[in-house]
Amino acid sequence: MQMIEIAQLPGRYAPPPVKVGDKAIDEESIAREMQYHPAATADEAKLAAARALVVRELLRQRAVELGLLSADSRDEGEHDAAIATLLEQELDVPEPEEAACRRFFDAEPERFSAPTRIAVRHILLAAAPDDAEARDAQYRLGETLLEELAAIPERFTEFAMRHSACPSKSEGGELGWLAQGQTVAELDRALQHLPEGLHDRPLASRYGWHLVSIDAREGGQRPPFEQVAERVRHTLREQATRRALRHYLLALEEEIGVEGVELDDDAAGSLMQ
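Draft legend 1. Structural detail: the nonpolar core. Within the largest apolar cluster, 26 residues are counted, with the highest numbers of intra-cluster contacts made by Ile25, Ile30, Val54, Leu58, Leu59, Leu87 and Tyr248. Contributing elements (two or more residues each) for this core: strand E3 (18–20), helix H2 (42–65), helix H3 (76–90) and helix H8 (225–256). Take this core: its biggest share by element is eight residues, from H2.

Draft legend 2. Focus on the packing of aromatic side chains. All told, the structure shown has four aromatic pairs when counted by the stated rule. Where phenylalanine 104 meets phenylalanine 112, the ring centres are 6.1 Å apart and the plane angle is 75 degrees; that geometry is what we call edge-to-face. Here the two residues phenylalanine 104 and phenylalanine 112 agree in accessibility, since each one is buried. Each member of the aromatic cluster is reached from another via a ring pair, and the members are Phe104, Phe105, Phe112 and Phe225.

Draft legend 3. Examining the pairing of strand E9 (residues 208–218) more closely. Pairing of strand E5 (residues 117–126) with E9 involves 10 bridges; the strand directions are antiparallel. By the bridge assignment, histidine 122 is partnered in E9 with valine 212. Pairing of strand E7 (residues 197–198) with E9, which is carried by two bridges, proceeds in the antiparallel orientation. Paired with glycine 197 across the two strands is isoleucine 214, which belongs to E9. The pairing of strand E8 (residues 203–205) with E9 spans three bridges and is classified as antiparallel. Of the residues in E9, the one forming a bridge with leucine 203 is histidine 210. Count of turn residues in the E8/E9 antiparallel hairpin: two residues.

Draft legend 4. Spotlight on the pattern of salt bridges. With the rule as written, the count across this model stands at 21 salt bridges. Note that arginine 102 is salt-bridged to glutamate 226, the shortest N-O span being 3.1 Å. Of this pair, arginine 102 sits in helix H4 (residues 98–107) while glutamate 226 sits in helix H8, placing them 124 residues apart in sequence. For arginine 102, a relative accessible area of 33% translates into the label partly exposed. Among the residues examined, glutamate 226 registers a relative accessible area of 56% and is labelled exposed. Here the salt bridges share partners, and the residues they tie into one network are Glu95, Glu230, Arg233 and Arg237.

Draft legend 5. Summary view of helix H6 (residues 156–163). All of the buried residues in H6 are Phe156, Phe159 and Ala160. All buried residues of H6 lie within an arc of 100 degrees about the axis, which places them on one face of the element.

Draft legend 6. How the structure looks around the packing of H2 against H8. In the contact formed by H2 and H8, the axes pass within 10 Å of each other and the chain directions differ by 75 degrees. In this view, H2 runs roughly perpendicular relative to H8, as classed from their interaxial angle. Taking contact as the criterion, the partners of Val55, Leu58, Leu59, Gln61, Arg62 and Glu65 in H2 are, on H8, Tyr248, Leu249, Leu252, Glu253, Glu255 and Ile256. Across the contact of H2 with H8, the residue classes tally to seven nonpolar, one polar and four charged.

Draft legend 7. Region of interest: the sheet that holds E3. The strand order across the open sheet built from three strands is E4-E3-E10, with neighbouring strands paired in antiparallel fashion. Of all strands in the sheet, those bounded by a partner on one side alone are strand E4 (23–25) and strand E10 (258–259). The pairing of E3 with E10 spans two bridges and is classified as antiparallel. Note that in E10 the partner of lysine 19 across the bridge is glutamate 259. The sheet contacts of H2 involve E3, E4 and E10, and relative to E3 the element is tilted by about 20 degrees.

How each quantity is defined
Residues numbered from 1 in each chain as written. Predicted model: local features only at pLDDT ≥ 70, side-chain atom pairs only at ≥ 80, totals over all residues. Heavy atoms only, no water. Core = buried A, V, L, I, M, F, W, Y, C linked by side-chain atoms within 4.5 Å. Buried < 20%, exposed > 50% of the residue type's maximum accessible area, 1.4 Å probe, protein only. Helix = DSSP H or I, 4+ residues; strand = E, 2+ residues; numbered from the N terminus. Phe/Tyr/Trp six-rings, centres within 6.5 Å; stacked < 30°, edge-to-face > 60°. Pairing = 2+ DSSP bridges. Salt bridge = Lys/Arg side-chain N within 4 Å of Asp/Glu carboxyl O. Arc of directions from axis to C-beta. Axes fitted to C-alpha atoms, helices over the stretch in contact; angles between N-to-C directions. Parallel < 35°, antiparallel > 145°, perpendicular 65-115°, else oblique. Contact = heavy atoms within 4.5 Å. Nonpolar A, V, L, I, M, F, W, Y, C, P; charged D, E, K, R; others polar.

Dropping the structure here:
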């Protein structure tokens, strides 16, 4: 859903009034709703809250029009039940055909593959990012240790316990099985592309230099379609529901009228969360 267009006056924040038909959505209601829409800034949370309330009010008014809800009802449970009934009656969401499911499965191999995990050992040679002298010295130490490890790999545990600045030194440098995103970003990116075995040069991070051994790698394999067919159908059904709901909300916006918020391609987002 598109951001609310904000009218700016010199030196002040001045959002336009938010209305759905003749119903105004007041600032107090938006403020209460903000807790359900965490965002980077308070203004972004406020806009997301206003969008969500507009969507709910559009559906409430339609439910009242169809006799599914009393116009003076204040019961949130009744509102939720009426909106669920409304959407069940008015949204036409076709069930995905198997051919479409198979095409989607073939086009999105990574979505349905098992996550890759790697068994990693490392030795951290600590050096601050702004300490050029220390980083240079630690890099040279890393090269020396790697030369010795290339000749005698069994010394990795010994070197980790002697030289590593990571708490894993007590475990011989073992970090266990790591999935993507479980270590510092710059090291994580490098680990995803390394082959198994001892890497032949130190890897940099904000903490210093890492001597890394990839001991095993598993996952990343895509299962047969039959094993994930229900997941594929669920994904396509959710996408179809989102599209149908988006078109439905845009039609309600046109019919009922909305001020202060413009609904666009993501109009269904707040309701689908």
